[in-house]
Amino acid sequence: MTSDKDTDWIYRKSTKKLLMRLLLLGCGISVLLELAVPGRDGKFGIDGWFGFYAALGFVSCTLMIFAAKGLGLWLKVPTDFYEEGETGDEDTAATSSSTLKKAAGKNAQPKDHAKKEAARRVSTKQAAGKVVKKGAKKTTRKKVKGQETRKREGGSQ
Amino acid sequence: MTIHPAFVLIIGALLVPLFKGRARSLYVISLPVLALLAVYALPSGNFCNLSWLAGFGEMTLLRSDKLAKAFGFIFTINATAAFIYAFYLRDNTQHVSALLYIGGALGAVFAGDLITLYIFWEVMAIASTMLILARRSKRSFGAAFRYVLVHILGGLFLLAGIVITFNTSGSIAFSAFDPETGRHAGTWLILLGFLVNAAAPPFSAWLSDAYPEGTITGSVILSAYTTKTAVYALIRGFPGWEVLMVVGCVMALYGIIYALLENDMRRILAYSIINQVGFMVCAVGVGTAMCLDGAVAHAFCHIIYKSLLWMSAGAVLYRVGMSKCTELGGLYKSMPWSLWLGTVGALAISAVPLTSGFTSKTMILYGAADEKLFIPWLILEIASAGVFLHAGIKFPYFVFFAKDRGHRVQEAPKSMIGGMLILAFFCIFLGLFPGPLYSILPHAQNVSAFALDVVDVDGHAHHFTAWKFAKVITQMQLLLLSALTFFVWIKWLKRTDTIVLDTDWFYRRGGGFFYRTMDRVLNGANRIVHATFIDRFIGWISHIARTAPSRFAVTLLTPVWRAQGLRDKTLDARQKAFYEDARLGAFPVGATAIFAVVLLGLLFLFSN
């Protein structure tokens, strides 16, 4: 714990204690003020009880926080959960169409296959010394390969 | 002359590319102002009747009454503030799509029959998809794709429902479907179509998937129109349908739970939309005049404070470039205007007294309590407390306070602050003097500055006063204690860099699974059949066809040869020679001729 004077006013421990006390005071006042409204009848009986709304607020919010926590244990996943198997291409116009095909929920396999093919061809090209147009070639070849795979799968019907 | 407000925006949208720079920004601000004036000037009644589709009766393009005008007002006011906020934007696509989208919403709200409604419904779906695509990022392409698929599905439900309803009732009139007698496949499908747009679970995943992926200004505009048009359609078509009470209560709680779990600040706001629309849907389910007016008032105020919250989040995104709570914090010094104006929105959504939420949302609760509907009332009260938890406190706390991550940025641009100021002004103004809001409600009479009478269909008037001491006290109790729970349990609310699985898991994972299964099953079957029939069977048949006649002939001739005394090797050689001749076609002509005559004779004999 560094000295309180170093950190901003709002992050100091003393400020946090003060704000918490103010909040508790506000809660207390709001409950006590109910005494100033004698004979407040609820529409359902139960909501006419003293401090009903305070209790409702606290209990229901606590329950919701813990219900959310419990549900979160089951449903929380990493932010890139749906992006497994993405090719990791940048946002370029050239890749946007292949991205749309991907987003169409298409079979990941022909795309992986296409990627591997493209990568293999790229590496042989590299070996041959033609590195320059690799990026564009890879993209167009992927697109062409994707179209070929689609044709292959579509044509057998 | 009556001008359809929607066409002001739709035709205006087509002229946007003619302007450049600041002139364009001023032009797009002027369009919703003109539309607002057009709404104001509309007299009540049905206009622009067209007999366009043969056999379906007359379409009413413009039906103006208090309900439609209320929505018309808020749509145009919100659009003005949103375009002021978007003054810095120099993107044609966004401006045109936004104008078409808002124009579609106005068209749907003023539609007098189901077909007109459907046409504008689809215009909205397409324009809003373009608005999401305008961000031009990989994630937004995927989100827009899923968004348009879900909306096409909803549109198909709606269309199927309209056609069946027309077949059943013979008219395309868009008015309230009776909850007792009007229930058939057509109306259920129409209801389903409306609920998809209203983001009712399980069809709600599109909202939290697509809205955060929109642009900064695009999402501000998106947050207001699709869901509220659906709410309008529900108010118009399905008042009193009890299933909506269930749906609304589920939505209200669902939105809170998911918002508590989410990390991205705009996803929190997206789930918050579901939560608030749940209030409106539940109110429509109750169906009394008080609740319906409460739904309209709530929709009015909700659009204002929700846009304000999205604007505040957008301003942070604009300056910091990040939207995750795990990456934000400590912005209270750098962006005080965004903080305070956003806080006004956060207080308004929580229905803190002095804000518009208090004077509008409480009508719904009052109406539900009047009808002695304990469970819905209780759930909505709990949801009111929960709203403060996730939107009123969590959102500003994690974005502007929490942990200081060292972001030192400028305050938002003046135009953004201008847009936020306008909306914050309305939040406070309508919280202090709700009279003008009450005066545009459909069933309102004897409207004063703080109170109104809501008149039922049977003429019974219910009085509602916005400001009552007891009401203020109980509301403050509810809110302050829920604030307390936030800070008491703060350790359990720590943000993690995660998302929460929603019902879209089924089609995002399920879609790929379905595709792979179908691929393996169908293409595999295709391959097997190909191999069996085409490769093997056909080959076998052709082999048979080639060799069968010679085999047959050999079978016939072998006894003859045996009779001639040929045996074993010589017999084999004779057979082989015969096959060879058959293959080469080297028979003497005479033998073939005799064979043909014999065959024809047999045929002749057997045919008689």
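Along every chain, residues carry numbers that run from 1 in the direction the sequence is written. All chains are assigned letters beginning at A, and all ligands numbers beginning at 1, according to the order in which they are written. Side-chain atom pairs in this predicted model are given and counted only at pLDDT of 80 or more, local residue features only at pLDDT of at least 70, and totals for whole chains, interfaces and linings cover all residues.

Colleague: How would you sum up the overall build of chain A? Please name residues and give values.
Modeller: Each helix and strand in chain A was counted, giving 5 helices and 1 strand. Only DSSP runs of H or I covering at least 4 residues are called helices, and only runs of E covering at least 2 are called strands; the numbering of each starts at the N terminus. Beginning at the N terminus, the succession of helices and strands in chain A can be written as α-α-β-α-α-α. Looking at chain A as a whole, 17% of its 157 residues qualify as buried. Note that contacts rest on C-beta atoms placed from the backbone: two residues are in contact if these are within 7 Å. The contacts in chain A between residues at least 6 apart in sequence include a share of 49% that link residues at least 24 apart. To sort residues by exposure, count the other C-beta atoms lying within 10 Å of each residue's C-beta; 20 or more gives buried, 12 or fewer gives exposed, and values between give partly exposed, all with C-beta atoms placed from the backbone.

Colleague: So what's going on with the environment of Ala185 of chain B? Residues and values would help.
Modeller: Relative to the helices and strands, Ala185 of chain B resides in helix α7 (residues 185-197). Looking at Ala185 of chain B, the number of C-beta atoms within 10 Å reads 13, which means it is partly exposed.

Colleague: So what's going on with the interface of chain A and chain B? Which residues, and what values?
Modeller: Across the boundary between the two partners, chain A contributes 48 residues, which contact 52 residues of chain B. Elements with a contribution of two residues or more to the side of chain A that touches chain B: α1 (13-32), α2 (52-75), β1 (76-78) and α3 (93-103) of chain A. Ten residues, namely Ala, Val, Leu, Ile, Met, Phe, Trp, Tyr, Cys and Pro, are considered nonpolar, four, namely Asp, Glu, Lys and Arg, are considered charged, and the remaining ones, Gly among them, are considered polar. Taken together, the residues of the side of chain A that touches chain B break down into 28 nonpolar, 12 polar and 8 charged. A strand pair is defined by DSSP finding two or more bridges across the two strands. In terms of strand pairing, β1 of chain A meets strand β6 (residues 498-500) of chain B through 3 bridges, oriented antiparallel. Directly across from Val77 of chain A, in β6 of chain B, lies its bridge partner Ile499 of chain B.

Colleague: Can you tell me about the nonpolar core, naming the residues and giving the values?
Modeller: Linking buried Ala, Val, Leu, Ile, Met, Phe, Trp, Tyr and Cys residues through C-beta atoms within 7 Å yields a set, and such a set is a nonpolar core. Membership of the largest hydrophobic core comes to 224 residues, with the highest contact counts inside it found for Ile102, Leu234, Val281, Ala295 and Leu308 of chain B. In contact with Leu234 of chain B, not counting residues within four places along its chain, are Phe194, Ala198, Leu244, Val281 and Val284 of chain B.

Colleague: Please set out the sheet that holds strand β4 (residues 451-455) of chain B residue by residue, giving values where relevant.
Modeller: Residue and element names in this part refer to chain B. Strand order across the open sheet formed by 3 strands is β3-β4-β5, with antiparallel pairing between neighbours. The strands lining the two open edges of the sheet, one partner per strand, are β3 (444-445) and β5 (461-465). Along the sheet, helix α12 (residues 289-320) contacts β3, β4 and β5; its crossing angle with β4, the most-contacted strand, is approximately 125 degrees. Axes, fitted as lines to C-alpha atoms, cover a helix only where it is in contact. Angles between the N-to-C directions of the axes lie from 0 to 180 degrees.

Colleague: I'd like to hear about the pairing of β5 of chain B, residue by residue, with values.
Modeller: All names here are of chain B. In the sheet, β4 pairs with β5 via 5 bridges, with the strands oriented antiparallel. Residue Ala451 lies in a different strand from β5, and its bridge partner there is Thr465. Adjacent in sequence and paired antiparallel, β4 and β5 are bridged by 5 residues, among which Gly459 carries a positive phi angle near 90 degrees.

Colleague: For the domain arrangement of chain B, give the residues involved together with the corresponding values.
Modeller: Residue and element names in this part refer to chain B. When its domains are assigned, chain B resolves into domain 1 (136-507) and domain 2 (508-607). Boundaries between domains were set according to an automatic or database domain assignment. A straight line from the C-alpha centre of domain 1 to that of domain 2 covers 76 Å. With 4 residues of domain 1 in contact, the opposing surface of domain 2 contributes 4 residues. Split by residue class, the side of domain 1 that touches domain 2 holds 3 nonpolar, no polar and 1 charged.

Colleague: Outline the packing of α12 of chain B against helix α13 (residues 336-349) of chain B, listing residues and values.
Modeller: All names here are of chain B. Relative orientation of the contacting elements α12 and α13 amounts to 145 degrees, with a least axis distance of 9 Å. Read as a crossing pair, α12 and α13 show a hand that is left-handed. Contact residues: α12 offers Cys301, Tyr305, Leu308, Leu309, Ser312, Ala315 and Val316, while α13 offers Ser338, Leu341, Gly342, Val344, Gly345, Ala346, Ala348 and Ile349. For the contact of α12 with α13, the per-class residue count stands at 11 nonpolar, 4 polar and no charged. Note: crossing handedness is left-handed where the near helix turns anticlockwise from the far helix by less than a right angle, and right-handed where it turns clockwise.

Colleague: Quick one: what's the story with unusual backbone geometry, residue by residue and with numbers?
Modeller: Residue and element names in this part refer to chain B. Note that the residue after Pro201, namely Pro202, is joined by a cis bond; omega there is 0 degrees. Turning to its location among the elements, Pro202 is positioned in the loop between α7 and α8 (205-210). Here the phi dihedral of Arg136 falls at roughly 60 degrees; this positive angle occurs in a residue that is not glycine. If you trace the backbone, Arg136 turns up in the loop between α5 (114-133) and α6 (138-169). At Ala402, a position not held by glycine, the phi torsion is positive, near 45 degrees.

Colleague: Could you give an account of the confidence of the model for chain A, naming the residues involved and the relevant values?
Modeller: Residues and elements named next belong to chain A. Put simply, chain A has an average pLDDT of 66, and 49% of its residues get 70 or more. Looking at any residue, its pLDDT shows the predictor's confidence there, from 0 to 100. Note that residues 86-114 has pLDDT below 50 and, in this model, 41 contacts with residues that lie over four places away or in other chains. Taken together, the stretch residues 127-157 has pLDDT below 50 and engages in 29 contacts with residues farther than four places along the chain or on a different chain.

Colleague: Could you give an account of the pairing of β4 of chain B, naming the residues involved and the relevant values?
Modeller: Residues and elements named next belong to chain B. Only one face of β4 is covered, namely the one carrying Leu452 and Val454; the face carrying Ala451, Asp453 and Val455 has none of its residues buried. The pairing of β3 with β4 spans 2 bridges and is classified as antiparallel. Note on β4: the bridge partner recorded for Ala444 is Val454. Here β3 folds back onto β4, and the loop between the two strands holds 5 residues, one of which, Asn446, carries a positive phi near 50 degrees.

Colleague: Give a description of the environment of Pro336 of chain B that names residues and reports values.
Modeller: Residues and elements named next belong to chain B. Locating Pro336 in the fold gives a position in helix α13. Judged by the 12 C-beta atoms lying within 10 Å of it, Pro336 falls in the exposed class. Along the primary structure Pro336 and Asp453 are separated by 117 residues, whereas in three dimensions their C-alpha atoms are 40 Å apart.

Colleague: Talk me through the packing of α5 of chain B against helix α9 (residues 216-237) of chain B; I want residue IDs and the actual numbers.
Modeller: Residue and element names in this part refer to chain B. Two numbers describe how α5 lies on α9: the axes approach to 10 Å, and their chain directions differ by 160 degrees. Accordingly, the angle class assigned to the pair α5 and α9 is roughly antiparallel. Regarding α5 and α9, the two cross each other, and that crossing is left-handed. Contacts from Met124, Ser128, Leu131 and Ile132 of α5 reach α9 at Gly218, Ile221, Leu222, Tyr225, Thr226 and Thr229. A class-by-class count of the residues in the contact of α5 with α9 yields 6 nonpolar, 4 polar and no charged. Between 65 and 115 degrees an angle is taken as roughly perpendicular, under 35 as roughly parallel, over 145 as roughly antiparallel, and anywhere else as oblique.

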